[in-house]
Amino acid sequence: DTEVTQTPKHLVMGMTNKKSLKCEQHMGHRAMYWYKQKAKKPPELMFVYSYEKLSINESVPSRFSPECPNSSLLNLHLHALQPEDSALYLCASSQDPLADVKETQYFGPGTRLLVL
Amino acid sequence: SQQGEEDPQALSIQEGENATMNCSYKTSINNLQWYRQNSGRGLVHLILIRSNEREKHSGRLRVTLDTSKKSSSLLITASRAADTASYFCATDDAGGTSYGKLTFGQGTILTVHP
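Residues numbered from 1 in each chain as written. Chains lettered and ligands numbered in written order. Predicted model: local features only at pLDDT ≥ 70, side-chain atom pairs only at ≥ 80, totals over all residues. Heavy atoms only, no water.

Each helix and strand in chain A was counted, giving zero helices and eleven strands. When the helices and strands of chain A are placed in sequence order, the string is β-β-β-β-β-β-β-β-β-β-β. Relative to its length of 116 residues, chain A is compact, with a C-alpha radius of gyration of 14 Å against a globular reference of 13 Å. When its C-alpha atoms are laid out on the principal axes, chain A stretches across 40 × 25 × 25 Å. Restricting to contacts in chain A with at least 6 residues of sequence separation, those with at least 24 account for 57%. Element-wise, carbon and sulfur atoms account for 50% of the exposed surface of chain A, whose accessible area totals about 5600 Å². Positive and negative side-chain charges in chain A, numbering 13 and 12 respectively, have mean positions lying 9 Å apart. (Helix = DSSP H or I, 4+ residues; strand = E, 2+ residues; numbered from the N terminus. Rg over C-alpha atoms; globule rule 2.2 N^0.38 Å. Contact = heavy atoms within 4.5 Å. Areas by Shrake-Rupley, 256 points an atom, 1.4 Å probe, with all protein chains shown as cover. Lys, Arg positive; Asp, Glu negative; His and termini not counted. Charge placed at Lys NZ, Arg CZ, Asp CG, Glu CD.)

This is the structure in C-alpha coordinates:
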(Lines give C-alpha, C1' and ligand atoms only; values in the text may rest on other atoms or scores of the structure.)
Protein backbone atom coordinates (compact mmCIF):
# COMPACT_ATOMS: atom_id res chain seq x y z
CA ASP A 1 0.00 0.00 0.00
CA THR A 2 1.75 3.15 -1.23
CA GLU A 3 -1.14 5.50 -0.67
CA VAL A 4 -1.67 8.55 1.48
CA THR A 5 -5.34 9.31 2.01
CA GLN A 6 -6.87 12.61 3.03
CA THR A 7 -10.35 13.52 4.16
CA PRO A 8 -12.41 15.42 3.38
CA LYS A 9 -11.72 16.16 -0.29
CA HIS A 10 -13.49 19.50 -0.07
CA LEU A 11 -14.34 21.67 2.91
CA VAL A 12 -16.22 24.95 3.18
CA MET A 13 -16.14 26.68 6.53
CA GLY A 14 -16.97 29.99 8.08
CA MET A 15 -14.47 32.08 9.99
CA THR A 16 -15.98 31.04 13.33
CA ASN A 17 -16.06 27.32 12.60
CA LYS A 18 -13.81 24.59 13.95
CA LYS A 19 -12.94 21.77 11.58
CA SER A 20 -10.26 19.13 11.15
CA LEU A 21 -8.39 17.70 8.21
CA LYS A 22 -7.27 14.09 8.39
CA CYS A 23 -4.43 12.23 6.77
CA GLU A 24 -3.55 8.54 6.95
CA GLN A 25 -0.75 6.33 5.62
CA HIS A 26 0.00 2.65 6.16
CA MET A 27 3.46 2.49 4.64
CA GLY A 28 5.24 2.50 7.99
CA HIS A 29 6.63 5.95 7.29
CA ARG A 30 7.86 7.84 10.34
CA ALA A 31 7.76 11.37 8.91
CA MET A 32 4.55 13.16 8.03
CA TYR A 33 4.06 16.64 6.61
CA TRP A 34 1.43 19.30 6.09
CA TYR A 35 1.75 21.65 3.12
CA LYS A 36 -0.37 24.57 1.99
CA GLN A 37 -0.66 25.30 -1.72
CA LYS A 38 -2.23 28.32 -3.34
CA ALA A 39 -3.26 28.27 -6.99
CA LYS A 40 -0.37 28.25 -9.46
CA LYS A 41 2.18 28.20 -6.62
CA PRO A 42 4.42 25.47 -5.23
CA PRO A 43 3.56 23.71 -1.97
CA GLU A 44 4.67 25.57 1.15
CA LEU A 45 5.73 23.49 4.12
CA MET A 46 3.72 24.07 7.30
CA PHE A 47 4.63 21.28 9.74
CA VAL A 48 6.80 18.19 9.94
CA TYR A 49 6.25 15.33 12.37
CA SER A 50 9.11 12.96 13.00
CA TYR A 51 8.38 9.81 15.01
CA GLU A 52 5.08 11.37 16.11
CA LYS A 53 6.78 14.47 17.46
CA LEU A 54 6.55 17.93 15.94
CA SER A 55 9.98 18.70 14.51
CA ILE A 56 9.33 21.65 12.23
CA ASN A 57 6.78 24.46 12.50
CA GLU A 58 7.30 26.97 9.72
CA SER A 59 5.95 29.88 11.79
CA VAL A 60 2.39 28.86 11.05
CA PRO A 61 -0.37 30.91 12.77
CA SER A 62 -1.87 29.27 15.84
CA ARG A 63 -5.26 29.00 14.15
CA PHE A 64 -3.71 25.91 12.54
CA SER A 65 -3.04 23.17 15.09
CA PRO A 66 -1.42 19.90 14.01
CA GLU A 67 -1.75 16.62 15.84
CA CYS A 68 -0.16 13.23 15.30
CA PRO A 69 -2.10 10.65 17.36
CA ASN A 70 -0.01 7.73 16.09
CA SER A 71 2.48 6.86 13.40
CA SER A 72 -0.22 6.41 10.75
CA LEU A 73 -2.42 9.42 11.39
CA LEU A 74 -1.97 13.15 11.07
CA ASN A 75 -4.61 15.76 11.77
CA LEU A 76 -4.77 19.47 11.16
CA HIS A 77 -7.24 21.30 13.40
CA LEU A 78 -8.61 24.54 12.03
CA HIS A 79 -10.15 27.34 14.07
CA ALA A 80 -11.00 30.96 13.31
CA LEU A 81 -9.53 30.83 9.85
CA GLN A 82 -9.38 33.76 7.47
CA PRO A 83 -10.47 33.86 3.81
CA GLU A 84 -6.80 34.04 2.79
CA ASP A 85 -6.34 30.59 4.31
CA SER A 86 -8.36 29.14 1.45
CA ALA A 87 -6.04 26.77 -0.37
CA LEU A 88 -5.25 23.15 -1.15
CA TYR A 89 -3.86 21.42 1.95
CA LEU A 90 -1.57 18.53 1.17
CA CYS A 91 -0.38 15.80 3.47
CA ALA A 92 2.76 13.81 2.71
CA SER A 93 4.85 11.10 4.31
CA SER A 94 8.37 9.78 3.96
CA GLN A 95 10.16 6.77 5.32
CA ASP A 96 12.90 7.91 7.65
CA PRO A 97 13.12 11.50 8.84
CA LEU A 98 16.53 10.90 10.35
CA ALA A 99 18.15 9.69 7.14
CA ASP A 100 21.11 11.76 6.10
CA VAL A 101 19.81 11.97 2.57
CA LYS A 102 16.19 12.92 2.26
CA GLU A 103 14.11 10.56 0.24
CA THR A 104 10.86 10.62 -1.67
CA GLN A 105 7.78 12.13 -0.15
CA TYR A 106 4.44 10.53 -0.92
CA PHE A 107 1.57 12.97 -1.21
CA GLY A 108 -2.12 12.60 -0.60
CA PRO A 109 -4.69 14.07 -3.02
CA GLY A 110 -5.27 17.08 -0.80
CA THR A 111 -8.20 18.84 0.82
CA ARG A 112 -9.55 21.86 -1.04
CA LEU A 113 -10.48 24.36 1.69
CA LEU A 114 -12.66 27.41 1.18
CA VAL A 115 -13.06 29.87 4.07
CA LEU A 116 -16.01 32.21 3.79
CA SER B 1 16.70 34.45 -2.90
CA GLN B 2 14.65 31.38 -3.66
CA GLN B 3 15.84 27.82 -3.85
CA GLY B 4 14.53 25.91 -6.86
CA GLU B 5 13.65 28.35 -9.60
CA GLU B 6 12.23 26.80 -12.73
CA ASP B 7 11.93 27.81 -16.31
CA PRO B 8 9.99 28.08 -18.41
CA GLN B 9 6.98 28.97 -16.30
CA ALA B 10 4.73 27.53 -18.98
CA LEU B 11 5.37 25.27 -21.94
CA SER B 12 2.93 24.34 -24.69
CA ILE B 13 3.80 21.58 -27.17
CA GLN B 14 2.21 19.08 -29.54
CA GLU B 15 1.86 15.42 -28.75
CA GLY B 16 4.97 13.51 -29.77
CA GLU B 17 7.33 16.42 -29.19
CA ASN B 18 9.89 16.53 -26.41
CA ALA B 19 9.51 18.81 -23.40
CA THR B 20 12.44 20.22 -21.46
CA MET B 21 12.14 21.98 -18.12
CA ASN B 22 14.96 23.53 -16.13
CA CYS B 23 15.51 24.08 -12.43
CA SER B 24 18.14 26.17 -10.68
CA TYR B 25 18.96 26.19 -7.00
CA LYS B 26 21.28 28.11 -4.72
CA THR B 27 22.64 25.94 -1.92
CA SER B 28 24.48 22.63 -1.80
CA ILE B 29 22.10 19.71 -1.99
CA ASN B 30 22.01 15.99 -1.22
CA ASN B 31 19.56 15.22 -3.97
CA LEU B 32 17.08 16.81 -6.34
CA GLN B 33 13.66 15.41 -7.07
CA TRP B 34 11.04 16.07 -9.71
CA TYR B 35 7.32 15.85 -8.99
CA ARG B 36 4.26 16.09 -11.21
CA GLN B 37 0.94 17.55 -10.17
CA ASN B 38 -2.22 17.16 -12.15
CA SER B 39 -4.65 20.02 -11.83
CA GLY B 40 -5.58 20.59 -8.18
CA ARG B 41 -4.41 17.19 -7.04
CA GLY B 42 -1.55 15.74 -4.99
CA LEU B 43 2.03 15.58 -6.18
CA VAL B 44 3.44 12.41 -7.66
CA HIS B 45 7.12 11.65 -7.38
CA LEU B 46 8.79 11.13 -10.75
CA ILE B 47 12.51 10.74 -10.21
CA LEU B 48 15.28 11.45 -7.72
CA ILE B 49 18.86 12.22 -8.67
CA ARG B 50 21.60 12.32 -6.08
CA SER B 51 24.26 15.00 -5.95
CA ASN B 52 26.95 12.56 -7.11
CA GLU B 53 24.93 11.56 -10.19
CA ARG B 54 24.92 13.45 -13.48
CA GLU B 55 22.13 11.78 -15.41
CA LYS B 56 19.27 9.44 -14.70
CA HIS B 57 16.60 7.82 -16.83
CA SER B 58 13.17 6.45 -16.03
CA GLY B 59 10.99 5.43 -18.96
CA ARG B 60 10.43 8.55 -21.07
CA LEU B 61 12.05 10.77 -18.44
CA ARG B 62 15.64 11.92 -18.45
CA VAL B 63 17.04 14.07 -15.68
CA THR B 64 20.41 15.76 -15.62
CA LEU B 65 22.13 17.44 -12.73
CA ASP B 66 25.01 19.91 -12.91
CA THR B 67 26.12 20.70 -9.38
CA SER B 68 28.75 23.17 -10.60
CA LYS B 69 26.00 25.26 -12.17
CA LYS B 70 23.44 24.32 -9.51
CA SER B 71 20.96 23.35 -12.15
CA SER B 72 18.91 20.39 -13.33
CA SER B 73 16.80 19.63 -16.34
CA LEU B 74 13.89 17.27 -16.89
CA LEU B 75 13.32 15.96 -20.39
CA ILE B 76 10.08 14.20 -21.30
CA THR B 77 10.39 12.46 -24.64
CA ALA B 78 7.54 11.65 -27.03
CA SER B 79 5.07 13.60 -24.93
CA ARG B 80 1.44 12.59 -24.57
CA ALA B 81 -1.68 14.57 -23.74
CA ALA B 82 -1.69 12.76 -20.38
CA ASP B 83 1.63 14.47 -19.54
CA THR B 84 -0.26 17.76 -19.21
CA ALA B 85 0.45 18.84 -15.62
CA SER B 86 2.60 21.09 -13.45
CA TYR B 87 6.14 19.91 -12.82
CA PHE B 88 8.11 20.89 -9.74
CA CYS B 89 11.70 20.35 -8.78
CA ALA B 90 12.45 19.95 -5.08
CA THR B 91 15.74 20.08 -3.24
CA ASP B 92 16.92 19.28 0.25
CA ASP B 93 19.58 21.46 1.81
CA ALA B 94 22.77 19.47 2.41
CA GLY B 95 24.00 21.98 4.95
CA GLY B 96 20.76 22.43 6.77
CA THR B 97 19.53 20.97 10.01
CA SER B 98 15.87 20.98 9.06
CA TYR B 99 15.70 17.31 8.29
CA GLY B 100 12.77 16.29 6.14
CA LYS B 101 12.36 19.72 4.59
CA LEU B 102 12.12 19.96 0.83
CA THR B 103 12.12 23.26 -0.99
CA PHE B 104 10.02 23.32 -4.14
CA GLY B 105 10.64 25.38 -7.24
CA GLN B 106 7.95 27.60 -8.72
CA GLY B 107 6.99 24.94 -11.22
CA THR B 108 6.51 24.62 -14.97
CA ILE B 109 3.01 24.23 -16.37
CA LEU B 110 3.20 21.82 -19.31
CA THR B 111 0.35 21.59 -21.81
CA VAL B 112 0.51 18.86 -24.43
CA HIS B 113 -1.97 19.29 -27.27
CA PRO B 114 -3.36 16.15 -28.96
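As a further point, take the packing of aromatic side chains. All told, the structure shown has eight aromatic pairs over all chains when counted by the stated rule. Note on tyrosine 35 of chain B and phenylalanine 104 of chain B: the rings are 5.7 Å apart at their centroids and 55 degrees apart in plane angle, and the pair reads as tilted. Remark: phenylalanine 104 of chain B occurs in strand S10 (residues 103-104) and tyrosine 35 of chain B occurs in strand S4 (residues 29-37); sequence separation between them is 69 residues. For the pair tyrosine 35 of chain B and phenylalanine 104 of chain B, one class covers both residues: buried. Put simply, the rings of Tyr33, Tyr35 and Phe107 of chain A together with Tyr35, Phe88 and Phe104 of chain B pair up and form one aromatic cluster. (Phe/Tyr/Trp six-rings, centres within 6.5 Å; stacked < 30°, edge-to-face > 60°. Buried < 20%, exposed > 50% of the residue type's maximum accessible area, 1.4 Å probe, protein only.)

With that out of the way, let us pick up the interface of chain B and chain A. Facing 22 residues of chain B, the contacting portion of chain A comprises 25 residues. Between chain B and chain A the total buried area reaches about 2000 Å² when both faces are included, carbon and sulfur atoms providing 56% of it. Taken together, the connections running from chain B to chain A amount to four residue pairs in polar contact (both at pLDDT 80 or more). Among the secondary structure elements, those contributing two or more residues to the side of chain B that touches chain A are S4, strand S5 (43-50) and strand S9 (85-93) of chain B. The element contributing the most residues to the side of chain B that touches chain A is S4 of chain B, with five residues. Classifying every residue of the side of chain B that touches chain A by side-chain character gives seven nonpolar, eleven polar and four charged. (Buried area = accessible area lost by both parts, 1.4 Å probe. Polar contact = N/O pair within 3.5 Å; in protein donor to acceptor, adjacent residues only side chain to side chain. Nonpolar A, V, L, I, M, F, W, Y, C, P; charged D, E, K, R; others polar.)

Turning next to the state of the cysteines. Evaluated as defined, the whole model comprises two disulfides over all chains. Each disulfide pairs two cysteine sulfurs, and for cysteine 23 of chain B the partner residue is cysteine 89 of chain B, the sulfurs being separated by 2.1 Å. Sign of the S-S torsion, about 70 degrees for the bond between cysteine 23 of chain B and cysteine 89 of chain B, identifies this disulfide as right-handed. Here cysteine 23 of chain B is found in strand S3 (residues 19-24), whereas its partner cysteine 89 of chain B is found in strand S9, with 66 residues between them in sequence. Using a relative accessible area of 0% as the deciding quantity, one classes cysteine 89 of chain B as buried. Between cysteine 68 of chain A, a free cysteine, and cysteine 23 of chain A, which holds the nearest cysteine sulfur, the sulfur-to-sulfur gap is 9.2 Å. (Disulfide = S-S within 2.5 Å.)

Let us now look at the sheet that holds strand S1 (residues 4-7) of chain A. Residue and element names in this part refer to chain A. Judged by pairing direction, the sheet is antiparallel, and its four strands sit side by side in the order S1-S3-S8-S7 without closing on themselves. The sheet is open, and its two borders are formed by S1 and strand S7 (64-70), each paired with just one other strand. Strand-to-strand twist across the sheet, computed as the mean angle between neighbouring axes with direction ignored, equals 20 degrees. In terms of strand pairing, S1 meets strand S3 (residues 18-25) through four bridges, oriented antiparallel. Considered in S3, the bridge of valine 4 is made with glutamine 25. (Pairing = 2+ DSSP bridges. Axes fitted to C-alpha atoms, helices over the stretch in contact; angles between N-to-C directions.)

The subject of this paragraph is the pairing of strand S6 (residues 55-58) of chain B. All names here are of chain B. Relative to strand S7 (residues 61-66), S6 runs antiparallel, the two being bridged by four bridges. If you follow histidine 57 over to S7, its bridge partner there is arginine 62. Taking the residues that link successive antiparallel strands as the turn, the S6-S7 hairpin has two residues, and the phi of glycine 59 there is positive, at about 60 degrees.

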